[in-house]
Structure formats: C-alpha cells, structure tokens
Amino acid sequence: MIETLYWKDDKLFMIDQTLLPFKEEYIVCSDYLSVVDAIKTLKVRGAPAIGVSAAYAMALAELANEDMFYVAKIIKSARPTAVNLMWAVDEVLSGLNNNISAISTANRLFLEDKETNRLIGKYGSTVIEDGDTILTHCNAGSLACVDYGTALGVIRSAWNDGKNINVIADETRPVLQGARLTAYELHRDGIPVKLIVDGAAGFMMQQSHIDKVIIGADRVCKGGIANKIGSLMVALAAKRFNIPFYVASPLSTFDRDSNINDIIIEERNKEEVSCIGGNYITSNDIDILNPAFDIVSSDLITGIITENGIVNPF
Ligand code: MRU
C-alpha cells in the first residue's frame, strides 16, 4: 500500500496528492508552516490524514522551540470542517500538559490510525455480502488516512475476507478525489472498480446496479455528518431506492457536543470549479460557488461503522 505520510530524520514526508495518479512524489516538510500549506492546498487531505499531519506539524514546531499555543491556533485554522484537525492538535496540547512530547503524541496517533482503520474494516465487512456492488464518494481510502482507509478499509477487508465485490467510484468534482485517488488505490490493489460521473449515481441506483453505499466523514455530530460535497445527493438517492447507506468513521471524527447547524462548511476557491487540469471550462465572468462539503442528516444514514462497532447516528 502506498505510504500517505511518514516521519523520518525529524521531517514529515507526505505524498503530494495533487499530483496523483500520474506522479508519486513526496514533499518534505521541515517546519510547521509547510504542513499548514500542504493541508490548505490539499497535498494532504482526508480527515484522519489531516489530523495526523497536524500532530506532526506540532512536532516540527516543538523542534523549533516555537510558542506551541500560537502554533496550535495557526494549524487549527488550516481547514475548518474536518474535526480531526482540531482533535489532533488538542491531543498534542494535552500531552504537553502531561510532559509528553509532541512527537510522542504524533507517533501514537500515527499508529492508532492504522489500528483503527483495520477495526473499522473488520466491523464493516460484516455488512458486505458476497456479490455486492458498493458505491463510494470522494476518497476515504488509505490516502485519506495513515493507511488502509475507512470506507475503503471496509471494502479492503471484505475483499480480503474473500467476498467477490465490485466498487463504483463517483469521480467527485470539483477536484476529483474519486477519479484520481479512489480509482487509483483500488485498481492498484486489484479490487474491481468502475468510475462514474457524479451525476450518474442516482441512475445506477435506480437501475439496481448498487447494493450498498459507504462513504467517510469529516465530522460526525448530533443530527448527521459532514462529508465531501455531493454526499447528500447520494444519500437522498439511496433513501429513495432503499439502498443501505453507511458512514465509515473513526471516533476521532466524532464531535458529540456540536450539531449539524454548527458545522462550518469550507468554501474553497473558484478555480477548483472553473478549471480542470489547467483548462478553463467556463468564461471568466461567470460567478461561482464552491462549498467543499455537505451535510447528510441522520435519517438518511443506516449506520456508522467505527473502531468500536457499528453505531446508530445520533
Ligand atoms: O477535501 P477532502 O479531500 O479533504 O475531503 C475528504 C472527504 O470528504 C473524505 O470523505 C473524509 O475526509 C473522510 S476520509 C476517511
């Protein structure tokens, strides 16, 4: 499996996800601000991977003897929606309070993420039947985590358990995490995957080509979850055609004190919409909206697959 990120010689190495699938190149971060930049520019993305890289950003700041409370604020402001970012920085801060170094906490979160995803996979595999075709949206795979993945972790576990499954991946506009990352990861592992445009998901369900939907989450809170823009339309279509809709998410993505109205939905730059692969697809006087996430309410969710088992949305 491709390594999303690793720590070596007091530096953080991360595969540049903006270049995938065509180039496998690692960026090297030797100060916390370069990690913040990588998070903002989606070189590293996906809630768990953002969390672990943020913890390593704190470790870089510790090595440079920075003011850790100031740095924590800067890192937390890199992206607003995935709660793993705030959670990981707070884990490092509370470790520091107990004389545990930032690097020790970052290494712990790194190892726990691997373990967590395998448990999510183990529990999630129980809902997958031999012969299922599973639709997924965005990338909740090894690239969104330290490795293995949450939604794709469930798919990997079912596949490793010998179930004959097929995956349909939404391309996931605007920045195509489904086409560039999910299809690439699964194909690399030999798991059968077919790519569709986002607008085809409802039709595929109507034509009985989908047995289950599994997606990841950026935040799980009272009343529902936030995930990549387009998740809501997938969930609504799944409800209409009685298709089980699962969210695979570690407990580090749970924000039990908040409800869906508190979630800040990141608005990203207009060029993500107007420009694909360096080519403009609309005239430059067209106004653009680019919300990066949407909210799937609890009534649309069959279950949330966590490292402690499958729980009901709350
Ligand atoms: O903007 P991104 O690529 O960071 O969005 C990622 C997603 O929406 C994922 O589905 C989510 O973070 C879960 S990853 C296990």
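Residues numbered from 1 in each chain as written. Predicted model: local features only at pLDDT ≥ 70, side-chain atom pairs only at ≥ 80, totals over all residues. Heavy atoms only, no water.

1. Remarks on the packing of aromatic side chains
Geometrically, a pair of aromatic rings is defined through the distance of the ring centres and the angle of the planes.
Here is step 1 of the chain: Tallying each qualifying case throughout the model produces 5 aromatic pairs.
Here is step 2 of the chain: Measuring from centroid to centroid gives 5.0 Å for Tyr-6 and Phe-13, while their planes differ by 5°, and the two rings are stacked.
Here is step 3 of the chain: Classification of Tyr-6 as partly exposed rests on a relative accessible area of 22%.
Here is step 4 of the chain: Given the relative accessible area of 16%, Phe-13 is considered buried.
Here is step 5 of the chain: Plain terms: the ring middles of Tyr-6 and Tyr-26 are 5.7 Å apart, the flat faces sit at 55° to each other, and that makes the pair tilted. Of this pair, Tyr-6 sits in strand 1 (residues 5-8) while Tyr-26 sits in strand 3 (residues 26-29), and the two are 20 residues apart along the sequence.
Here is step 6 of the chain: Joined through ring pairs, the aromatic side chains of Tyr-6, Phe-13 and Tyr-26 make up one cluster.
Here is step 7 of the chain: For the cation-ring pair, Lys-228 lies above Phe-293, with the distance from its terminal atom to the ring centre recorded as 4.3 Å. (Phe/Tyr/Trp six-rings, centres within 6.5 Å; stacked < 30°, edge-to-face > 60°. Buried < 20%, exposed > 50% of the residue type's maximum accessible area, 1.4 Å probe, protein only. Helix = DSSP H or I, 4+ residues; strand = E, 2+ residues; numbered from the N terminus. Lys NZ or Arg CZ within 6 Å of the ring centre and 35° of its normal.)

2. Describing the site of the ligand
Here is step 1 of the chain: Neighbouring residues of the ligand: 17 residues in total, closest Arg-45, Arg-79, Gln-177, Asn-227 and Lys-228.
Here is step 2 of the chain: For the ligand, an oxygen atom lies 2.8 Å from a polar atom in the side chain of Arg-45.
Here is step 3 of the chain: A distance of 2.9 Å separates an oxygen atom of the ligand from a polar atom in the side chain of Asp-218.
Here is step 4 of the chain: Burial of the ligand by the protein chains amounts to 100% of its free accessible area of 410 Å². (Near = heavy atom within 4 Å. Polar contact = N/O pair within 3.5 Å; in protein donor to acceptor, adjacent residues only side chain to side chain. Areas by Shrake-Rupley, 256 points an atom, 1.4 Å probe, with all protein chains shown as cover.)

3. Thoughts on the layout of surface pockets
Here is step 1 of the chain: For the largest pocket, the calculated volume is near 450 Å³.
Here is step 2 of the chain: As for the largest pocket, its lining consists of 18 residues, and the residues nearest its centre are Thr-18, Pro-174, Val-175, Arg-180 and Gly-277.
Here is step 3 of the chain: Mapped by element, the contributors of at least two residues to the lining of the largest pocket are helix 10 (271-274) and strand 12 (275-276). (1 Å grid on protein atoms, 1.4 Å probe; cavity = no way out; pocket = protein on both sides within 12 Å on 5 of 7 lines; lining within 4 Å. Points joined across faces, edges and corners; volume = space filled by probe spheres on them.)

4. A look at the nonpolar core
Here is step 1 of the chain: Residues Leu-5, Leu-12, Met-14, Met-58 and Ile-75 are the most contacted members of the largest nonpolar core, which totals 41 residues.
Here is step 2 of the chain: The set of elements that each furnish at least two residues to this core consists of strand 1, strand 2 (11-15), strand 3, helix 1 (32-40), helix 2 (47-63), helix 3 (68-76), helix 4 (83-97) and helix 5 (102-125).
Here is step 3 of the chain: Looking at which element gives the most residues to this core, the answer is helix 2, with 12 residues.
Here is step 4 of the chain: Apart from residues no more than four positions distant in its own chain, Met-58 is found in contact with Met-68, Val-71, Ala-72, Ile-75, Val-89, Val-92, Leu-93 and Ala-102.
Here is step 5 of the chain: Of all hydrophobic cores here, the second largest spans 25 residues; its members include Ala-238, Ile-243, Val-247 and Phe-254. (Core = buried A, V, L, I, M, F, W, Y, C linked by side-chain atoms within 4.5 Å. Contact = heavy atoms within 4.5 Å.)

5. Focus: the sheet that holds strand 5 (residues 166-170)
Note on sheets: strands pair through backbone hydrogen bonds, and any given pair is parallel or antiparallel.
Here is step 1 of the chain: Read from one edge of the open sheet, 7 strands run 6-5-4-7-10-15-16, paired in mixed fashion. The outermost strands of the open sheet, each flanked by one partner alone, are strand 6 (193-196) and strand 16 (309-311). Across the sheet, the mean angle from the axis of one strand to that of its neighbour is 25°, orientation sign disregarded.
Here is step 2 of the chain: Where strand 5 meets strand 6, 4 bridges bridge the pair, whose relative direction is parallel. In the strand pairing of strand 6, Ala-169 is matched with Leu-195.
Here is step 3 of the chain: Contacts from helix 5 reach strand 10 (245-248), strand 15 (303-306) and strand 16, with the element oriented near 140° to strand 15. (Pairing = 2+ DSSP bridges. Axes fitted to C-alpha atoms, helices over the stretch in contact; angles between N-to-C directions.)

Worth remembering: the numbers are spatial, not functional.
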